[in-house]
Amino acid sequence: MEAFWLNFMRIGGRIMSAFGLWEALLRMVAGPRITAVAFLTLKAAFRYRVVLAVSALLVATVVGLPLIIKDDGTARGMTQIVLTYTLGTITALLGFVTLWLGCGTLAKDIEECQMQVVAVKPIARWEIWLGKWLGILLLNAGLLGYSGLAVYLLIQYRSHKLPELQQTILRNEVLVGRKSAKEPVEDVEPEVERIFAQRIKDEKIARMDHDFVRKEIREMVRAAQQVVQSNHLRRWQIQLGDSPEKLRDRPFSIRIKFHAARVTSQTIYNTRWMIGPPETKDYGPPIDLRLAVDTFHEIPIPPNKFDDQGVLTVEFWNYNPDALLFPLEDGMEILYRESGFGLNFVRGLVIVFLWLALLAALGLASASYLSFPVAAFTSLAILLIGLSSGTLSTVVKEGTIAAVDHETGLGASSIDFIMVPIFKALLNIINLVQGFSPIDYLSSGRSVTWGLLGLAIAQIGLIMTGTFILAGIAFFYRRELATAQSNTVT
């Protein structure tokens, strides 16, 4: 443990020594005025007690949380504690302090008449706004980088205490960046429309809500693709990539999840798996396992079982009396190594940093036109809406905010014509941000790919954060600073 902290402090010292170099580089990129405001904001942030409190909580989270919550001695249990809980808590703490600073640093300067002094100097308002945003980002970069480094070193330290078998699992399945490959989902809409055209000839069905009828047919067609009946075979053919030769001799795993088609007291089912090209019958010995329902399972499979085109064939025989259902979204996927853990961890932290940049822009945009309490309330309200995607998606899926009898049409209201499109637009905006979950990716050994990172930069960094930046600057230009000053004097 002593070696861990020595390495931690040594690397931290090197980061602090490079602080002057980063300031010089920022002056070259952003200009001296924006850089000056950024570093004044950074210095002012340390005068707030909440920043010091959060810094202490970060240290307690990295050191104390893994000691309080004991793992089960397995590779997955250890990473679940260190990555999922520790990194998740760090993200929540930094998100709170980012939103608080975003609202406070600008609103307080206006209310305490400090901004009126700065605004008369030869510096544009957009430079002041961007300078404050960059200052918060510098604080986040330092805190996230330091705590992320501690988490990484802690994982390396604790991994050496695991048994040899668990260390092998850790290197091959957990502390790696594994790419996921799935069978393409077939478009069911043509089949849905064909069946709908037949069903609608029935007068009783014709009087029902057509969207509801299509939904029921769609679920029926999807169920036929997902369900494996008793004593039946299900075959998946999954394309691994355009360069299969690069995947030779690499460890592979299949990740599966299934449900029982009917509710019974049985929770464990016999499963038989055969991996290999069906043309050559080079399956090898079948893999017989007893697996639980409603749970993700990872099954290591022999390497080099794909064909010359890079297609891996997986066959499942259901010898159980019950039908089993494999969801199209996450019922079957192939995981294989793409990169090491270090690079994958850094890419995950970059996505977390993009979330924090968005929260900083949200807080500053609210404070650009509102007082500190109202800005904080508005920012939290927007954040709560973002966290309510489940409710929004249910309303959009059902097409109403109330329960509806689809046979009579009773229950629908005129407000649905207004609220449902609004909820749909909000859900589309929220999905631009919520489609990325680096903590889940890292804890399950999945690869945060360059493509995923690029998409996160485009959607979170450019579209969402850029929108709040433009809105915040526009609000700040319309803000009457003299009015805020007169209100304060009064």
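Above this text you will find the structure in question.
Each value, and the rule that gives it
Residues numbered from 1 in each chain as written. Predicted model: local features only at pLDDT ≥ 70, side-chain atom pairs only at ≥ 80, totals over all residues. Heavy atoms only, no water. Axes fitted to C-alpha atoms, helices over the stretch in contact; angles between N-to-C directions. Helix = DSSP H or I, 4+ residues; strand = E, 2+ residues; numbered from the N terminus. Parallel < 35°, antiparallel > 145°, perpendicular 65-115°, else oblique. Contact = heavy atoms within 4.5 Å. Nonpolar A, V, L, I, M, F, W, Y, C, P; charged D, E, K, R; others polar. Salt bridge = Lys/Arg side-chain N within 4 Å of Asp/Glu carboxyl O. Buried < 20%, exposed > 50% of the residue type's maximum accessible area, 1.4 Å probe, protein only. Pairing = 2+ DSSP bridges. Arc of directions from axis to C-beta.

## Structural notes on the packing of helix H5 (residues 75–111) against helix H8 (residues 164–174)
As a packed pair, H5 and H8 sit with axes 8 Å apart at the nearest point and diverge in direction by 60°. Regarding the angle of H5 to H8, the classification is oblique. The residues of H8 that touch H5, namely those facing Ala75, Arg76, Met78 and Thr79, are Gln166, Ile169, Leu170, Glu173 and Val174. Within the contact of H5 with H8, the residues separate by chemical class into 5 nonpolar, 2 polar and 2 charged.

## Section: the pattern of salt bridges
In total, this model carries 12 salt bridges according to the counting rule given. Where glutamate 189 meets arginine 218, a salt bridge forms, and the shortest distance between an N and an O atom there is 2.8 Å. Of this pair, glutamate 189 sits in helix H9 (residues 189–199) while arginine 218 sits in helix H11 (residues 210–226), and the two are 29 residues apart along the sequence. Exposure remark for glutamate 189: the relative accessible area of 30% places this residue in the partly exposed category. Judged by its relative accessible area of 25%, arginine 218 falls in the partly exposed class. The shortest N-O distance in the salt bridge between glutamate 329 and arginine 222 comes to 2.4 Å. Of the two residues, glutamate 329 is situated in the loop between strand E10 (324–325) and strand E11 (332–340) and arginine 222 in helix H11; the sequence distance between them amounts to 107 residues.

## Some details on the pairing of strand E4 (residues 252–256)
Residues in a regular strand project their side chains so that they alternate between the two faces of the sheet. Summarising burial for E4: 5 of the 5 residues are buried, a large majority. Here E4 shows two buried faces, one formed by Phe252, Ile254 and Ile256 and the other by Ser253 and Arg255. Pairing geometry for E4 and strand E8 (residues 297–301), over 5 bridges, is antiparallel. Residue serine 253 lies in a different strand from E8, and its bridge partner there is proline 300. Here 5 bridges tie E4 to E11, and the two strands are oriented antiparallel to one another. If you follow isoleucine 256 over to E11, its bridge partner there is methionine 332.

## Topic: H9
Each turn of an α-helix holds 3.6 residues, which means side chains three or four residues apart point in the same direction. Among all positions in H9, only Val192, Ile195 and Phe196 are buried. All buried residues of H9 project into a common sector of 105° when viewed along the axis, lining one side.

## What to know about the sheet that holds E10
Spatial strand order, E2-E10-E5: 3 strands in an open sheet with antiparallel pairing. The open sheet is flanked by strand E2 (227–228) and strand E5 (259–260), the only strands paired with a single partner. The pairing of E5 with E10 spans 2 bridges and is classified as antiparallel. Bridging from a neighbouring strand, alanine 260 pairs with leucine 324 of E10.

## Notes on the sheet that holds E8
Reading across the sheet, the 4 strands line up as E1-E11-E4-E8 and stay open at both edges, with antiparallel pairing between neighbours. Two strands lie at the open edges of the sheet, namely strand E1 (176–181) and E8, each paired on one side alone. On average, each strand axis in the sheet is tilted by 35° relative to the strand beside it, whichever way the strands run. Against the sheet, helix H12 (residues 341–367) contacts E1 and E11, and its axis sits at roughly 105° relative to E11.

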